[in-house]
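Descriptive structure summary
Residues per chain are reported as follows:
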Amino acid sequence: MKKLEGFQHGINLGGWLSQCVHTREHYDSFIGEEDIRRIASWGLDHVRVPVDYELIETQEGDPIEKGYAYLETCIQWCRKYGLHMILDLHKTAGYNFGDQQSSVGFFENEPMKERFRQLWVRLARRFSKDKDLILFELLNEVVDPQVYESWNQLAEETIGAIRKIDKEVPIMYGGIAYNSVRAVPLLRKMPYPNLVYNFHCYEPLIFTHQGAPFTKGMPVDFRTPYPQPVPAYLEKTREYLDPMMLENLKEVADRKEMCGKDFFLALFRQAVEKAEADGVALYCGEYGVIDRADPRSTVNWYRDIHAAFDACGIGSAAWSYRKMDFGLVDEHYDSVRDELIALL
């Protein structure tokens, strides 16, 4: 499978310019140059930078120059310390993966889709000059399984608009069901060069999101170790979580062994085959374990998923560097941080 050079080992800067209180005070205090230097010192090759449209657009759609300055500064830091950078549009006007009620109808709303396309035109005009280190990610997570064809169409139109500005800057897009790996085969093959397929992997979600108050159906006091036999995770997923989460495990539904590298290889198989058939690289933009899980179990999970990434040649970025319930530099991971960093 084609390898995504420069984006093999990374980490997310979640909560900095996205999923946050959009104030200058927050932007200036959450991430600084020292954090980029520290990430580079770990031997990583890139950061994924989630961005909400509120950083760079007014509610009316006009550009916010002070917001763009944060992206330009991050690019400068990455260049200084030898890192690549993914510019991930985490939330766009009219669509928020974390608030589906407010996002209903986005894919049928032509004015909002045109605003999305034009935002990417503006981003491409500003940042495609940095294509030696930057990669564009069209949209973080499309949730509704029913909109995959509409999303494919919008993605193709948006990529076409970007390609009129720059024919080579790398562009990445993923699928439905929260960017599930099972959605990769549904992605439309586009008639453009230098594209990347993307997915997120928090499987088994019943382990990685144990006790998460933001996960539908999850008891806040639920705890479970890793590894366990695959059927144990399937049983608890069926008991507590949204049926979509069980659907995401269809590829492993008949497995009986202890969860491990082969579990992830089975999950990734169809996505790898799709990427190979279409001649594109495959990338995992988010994976990680919530800070409510046992740290030793977290190390076990990281070891297995990384063994599968390496076996398949999949680049990846862990979620996340700081806070966001997954922060690798936070106190919860003190006892295992060096082990986790060695696995990244």
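Small disclaimer: the values here were computed from a predicted structure and weren't measured.

1. Overview of the overall build of the chain
Counting its regular elements, the chain contains 14 helices and eight strands. For a compact globule of 344 residues, the expected C-alpha radius of gyration is about 20 Å, and the chain comes in at 19 Å, within 12% of that figure. Overall, the chain is about 50 × 40 × 40 Å in size when its C-alpha atoms are taken along their principal axes. Relative to its full complement of 344 residues, the chain shows a buried share of 59%. For the chain, the proportion of contacts with a sequence separation of at least 24, taken over those separated by at least 6, is 74%. Total accessible area on the chain stands at roughly 13700 Å², and carbon and sulfur atoms take up 48% of it. Looking at the chain, you have 40 positive and 53 negative side-chain charges, and the mean spots of the two groups are 3 Å apart.

2. Topic: the sheet that holds strand E1 (residues 9–12)
Taken together, eight strands build a closed barrel; the order of strands is E1-E2-E3-E4-E5-E6-E7-E8 and the barrel is parallel. Taking the axes of each pair of neighbouring strands and ignoring which way they run, one obtains an average angle of 25 degrees across the sheet. Across two bridges, the pairing between strand E4 (residues 134–137) and strand E5 (residues 171–174) is parallel. Paired with glutamate 137 across the strands is methionine 172, a residue of E5. Each of strand E6 (195–200) and strand E7 (281–286) is contacted by helix H12 (residues 261–278), which is oriented at about 175 degrees to E6, the strand it contacts most.

3. So, the nonpolar core
If you look at the biggest cluster of nonpolar residues, it comprises 118 residues, and the most contacted ones within it are Trp16 and Phe268. For this core, the element with the most residues is H12, which contributes eight residues. Look past the residues within four positions of tryptophan 16 in its chain and what remains in contact with it is His26, Tyr27, Phe30, Ile31, Val49, Tyr70, Cys74 and Trp77. Within the second largest apolar cluster, nine residues are counted, among which are Phe7, Ile86, Val196 and Tyr283.

4. Overview of unusual backbone geometry
Glycine aside, residues mostly have negative phi angles, and peptide bonds mostly take the trans form. For the bond from glutamate 203 to proline 204, the omega torsion is -15 degrees, close enough to zero to count as cis. Residue placement: proline 204 occurs in the loop between E6 and helix H9 (205–208). Across the junction of tryptophan 319 and serine 320, the peptide omega takes the value 5 degrees, indicating a cis bond. We note that asparagine 194 has phi near 60 degrees; this positive angle belongs to a residue other than glycine. Relative to the elements of secondary structure, asparagine 194 occurs in the loop between helix H8 (176–179) and E6.

5. A closer look at the packing of helix H4 (residues 65–81) against helix H6 (residues 110–127)
One can describe the packing of H4 onto H6 by two numbers: an axis separation of 12 Å at closest approach and a directional angle of 45 degrees. Between H4 and H6, the angle falls in the class oblique. Both H4 and H6 take part in a crossing whose hand is right-handed. Side by side, H4 and H6 meet where Glu65, Tyr68, Leu71, Glu72 and Ile75 of the first sit next to Leu119, Arg122, Leu123, Arg126 and Phe127 of the second. Each residue belonging to the contact of H4 with H6 can be placed in one class, and the counts come to six nonpolar, no polar and four charged.

6. Side note on the side chain of threonine 208
When you line up the elements, threonine 208 lands in helix H9. Apart from the residues within four sequence positions on either side, threonine 208 is in contact with Tyr202, Glu203, Gly288, Val289, Ile290, Trp301 and Phe326.

7. As for helix H2 (residues 33–41)
Given 3.6 residues per helical turn, the α-helix brings residues three or four places apart onto the same face. Among the residues of H2, Asp35, Ile36 and Ile39 are the ones counted as buried. Projected down its long axis, H2 shows its buried positions confined to an angular sector of 100 degrees, all on one face.

8. So, the environment of aspartate 334
Structurally, aspartate 334 is set in the loop between strand E8 (315–318) and helix H14 (337–343). Exposure remark for aspartate 334: the relative accessible area of 47% places this residue in the partly exposed category. Here the alpha-carbon distance between aspartate 334 and proline 295, two residues 39 residues apart in the chain, equals 9.0 Å.

9. Notes on the environment of phenylalanine 97
Topologically, phenylalanine 97 is positioned in the loop between strand E3 (84–91) and helix H5 (100–103). Expressed as a C-alpha distance, the spacing of phenylalanine 97 and aspartate 144, which sit 47 residues apart in the sequence, is 9.3 Å.

10. Remarks on the pairing of E3
Burial within E3 is extensive, with seven of its eight residues counted as buried. Note: strand E2 (residues 46–52) against E3, seven bridges, orientation parallel. Bridged to valine 51 within E3 is leucine 89. Where E3 meets E4, four bridges bridge the pair, whose relative direction is parallel. Each bridged residue has a counterpart across the sheet, and for leucine 87 the counterpart in E4 is phenylalanine 136.

11. A closer look at helix H10 (residues 230–240)
Considered for burial, the residues of H10 that qualify are Val230, Tyr233, Leu234 and Thr237. Relative to the axis of H10, the buried residues are bounded by an arc of 100 degrees and lie together on one face. As for H10, its buried residues are in contact with H9, helix H11 (243–247) and H12.

The rules behind these values
Residues numbered from 1 in each chain as written. Predicted model: local features only at pLDDT ≥ 70, side-chain atom pairs only at ≥ 80, totals over all residues. Heavy atoms only, no water. Helix = DSSP H or I, 4+ residues; strand = E, 2+ residues; numbered from the N terminus. Rg over C-alpha atoms; globule rule 2.2 N^0.38 Å. Buried < 20%, exposed > 50% of the residue type's maximum accessible area, 1.4 Å probe, protein only. Contact = heavy atoms within 4.5 Å. Areas by Shrake-Rupley, 256 points an atom, 1.4 Å probe, with all protein chains shown as cover. Lys, Arg positive; Asp, Glu negative; His and termini not counted. Charge placed at Lys NZ, Arg CZ, Asp CG, Glu CD. Pairing = 2+ DSSP bridges. Axes fitted to C-alpha atoms, helices over the stretch in contact; angles between N-to-C directions. Core = buried A, V, L, I, M, F, W, Y, C linked by side-chain atoms within 4.5 Å. Parallel < 35°, antiparallel > 145°, perpendicular 65-115°, else oblique. Left-handed = near helix turned anticlockwise from the far one by under 90°. Nonpolar A, V, L, I, M, F, W, Y, C, P; charged D, E, K, R; others polar. Arc of directions from axis to C-beta.

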